[in-house]
Amino acid sequence: MIGHPLLLAVALTDALALLLLAAAFVSAIRTLSVREPGSALAHEGWLERASGIASVEGRAAIWLLLMSTALLVVAIAIVLRRVVPGAMCGTGVLQASQGAGERALALRGLALGLLGAWHLMDRFRRHGREPLLAAPAARSLLVAFPVAVPAVIATFRALAAMDRRQPVSCCAAVYGQVRSAPGTAATGGVADGVWMAIFAAGTLLLFLLASLAVSRRSAGREKLAAAMAIASAGWAAVAAVALVRVLSAYYFASPDHHHCTWCLFLPGQKAIGFPLFVLLSVVALEGPAAWISARVARRFPAVAAEAVGRSRQAGWHVMAAAALFVLLTGLPALLWRLRFGTWIGGGCP
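Residues numbered from 1 in each chain as written. Predicted model: local features only at pLDDT ≥ 70, side-chain atom pairs only at ≥ 80, totals over all residues. Heavy atoms only, no water.

1. Side note on the overall build of the protein
The cut-off we apply is this: Put simply, DSSP marks the helices as runs of H or I at least four residues long and the strands as runs of E at least two long, and each gets a number from the N terminus on. Whether two residues touch is decided by their heavy atoms; if any such pair falls within 4.5 Å, the residues are in contact.
Along the protein, the regular secondary structure elements total twelve helices and zero strands. Sequence-ordered secondary structure for the protein, helices as α and strands as β, is α-α-α-α-α-α-α-α-α-α-α-α. Long-range pairs, those at least 24 residues apart, make up 75% of the contacts in the protein with a sequence separation of at least 6.

Put into structure tokens, the structure is as follows:
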């Protein structure tokens, strides 16, 4: 294990977050033990007390997990590449983790998404003082906790697997990709031009669904929000592929660019990977948030006004984040086209 202070901070923050989540998990079980939210027992304050304790513990755990995730990404992308022998970017650092790093990042993303859903339900419960929302919020926390535990364990394993004495072959997998034909992506053999066409069509569809979900006031809002949630998740995945395989070339300013996600986080690329992947995360998370809010508005009239407002806000967030992503990735391509008269991959005059 590499004894870097940043890694120690990640481990300690994760441990504290897991303890708080475990406490919130117990509080959520106590909430569900009150079988009838409208009973005299609930009116005596037991339900509100258990829900309130779980809310405080869970929100604190989310902030700690977000903080440790941000520190972990910074460590992988920038800090540890100078410590792990042979590593030039985050790809080499993840190689040193022997696969545990990829699993940790994937599980952390899923855990944060599930915890975000719980936080949204809990927010409506707190602000609307709606006791009927206590049970659904508690159940969503019970779903998120079993994902957060292996995410933290995978992080510990990834940190323990890293060794400054074991060299890695950084970017060997990236440079060793075999292409069947020029302009053909290794991902499913789909040509880069096809990915860009799917990305463009998906962007138009996403904006259409988001604008309809924002403008629709009552009937059909939940169905539109559900469609936008699916479209936002799909768009984020397609946009990430289009970024790495095609659009990143304009940041590397080279027709022979390599398809490395982590190189976008390097200072040499002005760390553009951080804002770009934050924007993708916003789109992927706010789409489901719009659907959850619309569903809460239909099922719980006491918080309908606030839930409808949050659903429309999520739609605006999706459109703003997607538009900013397109601007940040499309502008370098347009500037290259204006300067050289061609797109990268089409040959320079």
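2. What to know about the nonpolar core
The condition is simple: In these notes, a set of buried Ala, Val, Leu, Ile, Met, Phe, Trp, Tyr and Cys residues joined through side-chain atoms within 4.5 Å is what counts as a nonpolar core. For every residue, the accessible area obtained with a 1.4 Å probe (protein chains only) is divided by the maximum for its type, and the residue is called buried under 20%, exposed over 50%, and partly exposed between those limits.
Judged by nonpolar contacts, the single largest core of 92 residues is most densely connected at Phe199, Leu206, Trp235, Trp262, Val296 and Phe325. If one sorts the elements of this core by residue count, helix H9 (residues 221-247) sits on top with 13 residues. Setting aside chain neighbours within four positions, we find Val296 in contact with Met121, Phe124, Leu133, Val303 and Ala307. Listed in part, the five residues of the second largest apolar core include Ala249, Tyr250, Trp336 and Ile344.

3. Some points on a nonpolar patch on the surface
Applicable threshold: Residues form patches when they are more than 30% accessible in relative terms and have no salt bridge. Like charges link within 9 Å. Nonpolar side chains (Val, Leu, Ile, Met, Phe, Trp, Tyr) link within 5 Å. Here the Shrake-Rupley method, with its probe set to 1.4 Å, supplies the accessible areas, and only the displayed protein chains count as covering residues. A side-chain nitrogen of Lys or Arg and a carboxyl oxygen of Asp or Glu constitute a salt bridge if their distance falls within 4 Å.
Residues Leu324, Leu327, Leu331, Leu335 and Leu338 make up a contiguous nonpolar surface patch of roughly 510 Å² in combined accessible area. Mapped onto the fold, Leu327 is located in helix H12 (residues 304-340).

4. Some details on the side chain of Ser27
Within the fold, Ser27 resides in helix H1 (residues 5-33). Residue classification places Ser27 among the buried positions, given a relative accessible area of 4%. Residues contacting Ser27, with those up to four places away along its chain left out, are Ala50, Ile53, Ala54 and Glu57.

5. Quick word on the confidence of the model for the protein
In plain terms, the rule: As a per-residue quantity, pLDDT reports the predictor's confidence and falls between 0 and 100.
On average, residues of the protein carry a pLDDT of 85, and 86% of them reach 70 or more. In the model, residues 40-44 has pLDDT below 50 throughout and makes seven contacts with residues more than four positions away in sequence or in other chains.

6. What to know about the packing of H1 against helix H6 (residues 134-161)
Inclusion rule: For helices, the axis comes from a line fit to the C-alpha atoms of the stretch in contact; other axes are also lines fit to C-alpha atoms, and the angle between any two N-to-C directions lies between 0 and 180 degrees. Here is the rule for angles: anything less than 35 degrees is roughly parallel, anything more than 145 is roughly antiparallel, 65 through 115 is roughly perpendicular, and the remaining ranges are oblique. By the definition used in this description, the sense in which the near helix is turned from the far one sets the handedness, with an anticlockwise turn below a right angle giving left-handed and a clockwise turn giving right-handed. Under the convention adopted here, Pro, Cys and the residues Ala, Val, Leu, Ile, Met, Phe, Trp and Tyr are nonpolar, Asp, Glu, Lys and Arg are charged, and Gly plus all remaining residues are polar.
At a minimum axis separation of 9 Å, H1 and H6 run at an interaxial angle of 155°. Overall, the two elements H1 and H6 adopt an arrangement that is roughly antiparallel. When you trace H1 past H6, the crossing you get is left-handed. Considered class by class, the residues forming the contact of H1 with H6 number 23 nonpolar, two polar and two charged.

7. Here's the deal with the packing of aromatic side chains
Here is the rule we go by: Aromatic contacts are taken between Phe, Tyr and Trp rings whose centres are within 6.5 Å, Trp giving its six-membered ring; a plane angle under 30 degrees counts as stacked, one over 60 as edge-to-face, and the others as tilted.
Counted according to the given criterion, the structure contains nine aromatic pairs. On the basis of an interplanar angle of 25° and a centroid distance of 5.6 Å, the ring pair of Phe265 and Phe277 is categorised as stacked. Here the residue Phe265 occupies a position in the loop between helix H10 (249-252) and helix H11 (273-299), and Phe277 occupies one in helix H11, the gap between them amounting to twelve residues. Residue Phe265 is classed as buried on the basis of its relative accessible area, which comes to 6%. Through successive ring pairs, a cluster of aromatic residues spans Trp262, Phe265, Phe274 and Phe277.

8. Overview of the environment of Gln313
With respect to the element layout, Gln313 can be found in helix H12. Residue class for Gln313 comes out partly exposed when judged on its relative accessible area of 36%. Sequence-wise, Gln313 and Val214 are 99 residues apart; in three dimensions their C-alpha atoms are separated by 7.7 Å.

9. Things to note about the environment of Ile230
For Ile230, the location among the structural elements is in helix H9. Separated by 58 residues in sequence, Ile230 and Pro288 have C-alpha atoms that sit 7.7 Å apart.

10. Re the state of the cysteines
A covalent bond between the sulfur atoms of two cysteines is referred to as a disulfide. The cut-off we apply is this: The disulfide criterion used throughout: a pair of cysteine sulfur atoms within 2.5 Å.
Scanning all chains against the criterion turns up zero disulfides. Cysteine Cys260 shares no disulfide, and the gap to the nearest cysteine sulfur, in Cys263, comes to 3.5 Å. Assessed through its relative accessible area of 1%, Cys260 is described here as buried.

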